[in-house]
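Chain and residue survey
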Amino acid sequence: MPLPAFPASAKQAVWDAPAITADKTLVSSSYSDSYHQVRLSAVSTPQSSDWLHALPISACSLRLDNETVRVAVGLRLGVDLCTPHDCPSGKMADARGSHGLSCCLAFVRRLAITKSTISSGGLCARPTFHP
Ligand SMILES: [Zn+2]
């Protein structure tokens, strides 16, 4: 591999790039499961961590509870989040916990929470003024 020439050689990112690319290839090739390949691709996008920069403002419903953070981090890492079980929707939920992302019953629950949050003044849908 040729060494970077000046002025590019003055930037650490130029030196790091080949090792990062090799590591990404190694990690990506270690997964044969399409679920993990897609997950890895999704968490590798530049904006995939933007939610970590959101200010935890409760008045705007931006504060995540511990369970929400646990699930979000678990989905990013690809770890098992629950035990496999039969969902009331009639489908099987696996240990990855990803069923809830597409389950019709979970959608109804999320919709109810969103409506409740908006009606209570959360999500900054309605301006609220505090003295
Ligand atoms: Zn379900």
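Residues numbered from 1 in each chain as written. Predicted model: local features only at pLDDT ≥ 70, side-chain atom pairs only at ≥ 80, totals over all residues.

Structural remark: α-helix, 3.6 residues per turn; residues separated by three or four positions point the same way. In this model, helix α1 (residues 12-29) (18 residues) spans 26 Å end to end at C-alpha, consistent with the 26 Å of a helix rising 1.5 Å per residue. The largest bend in α1 is about 30 degrees, located at Pro18. (Helix = DSSP H or I, 4+ residues; strand = E, 2+ residues; numbered from the N terminus. Expected span 1.5 Å × (residues − 1). Bend = angle between axes of the 7 residues up to and from the residue.)

This part is about the confidence of the model for the protein. For the protein, per-residue confidence averages 85 on the pLDDT scale, and 89% of positions sit at 70 or higher. Strand β1 (residues 85-86) holds the highest mean pLDDT among the elements of the protein, 94, whereas helix α4 (residues 104-119) holds the lowest, 77. Throughout residues 125-131 the model reports pLDDT below 50, and contacts reaching past four residues in sequence, or to other chains, amount to 4 contacts. (pLDDT = per-residue confidence, 0-100. Contact = placed C-beta atoms within 7 Å.)

We now examine unusual backbone geometry. Residues Phe6 and Pro7 are joined by a peptide bond in cis, for which omega reads 10 degrees. Counting through the fold element by element, Pro7 comes out in the segment before α1.

When the terminal C-alpha atoms of helix α3 (residues 66-77) are compared, their 16 Å separation across 12 residues agrees well with the 16 Å that a helix rising 1.5 Å per residue should span. Within α3, only 0 of the 12 residues are buried, leaving the element largely exposed. Following α3 by one or two positions, Gly78 has its phi on the positive side, about 80 degrees. (Buried ≥ 20, exposed ≤ 12 C-beta atoms within 10 Å, placed from the backbone.)

As for its position among the elements, Val79 is in the loop between α3 and β1. Residue Val79 is classed as exposed on the basis of its 11 C-beta neighbours within 10 Å. For the pair Val79 and Ala95, spaced 16 residues apart in sequence, the C-alpha to C-alpha distance is 8.4 Å.

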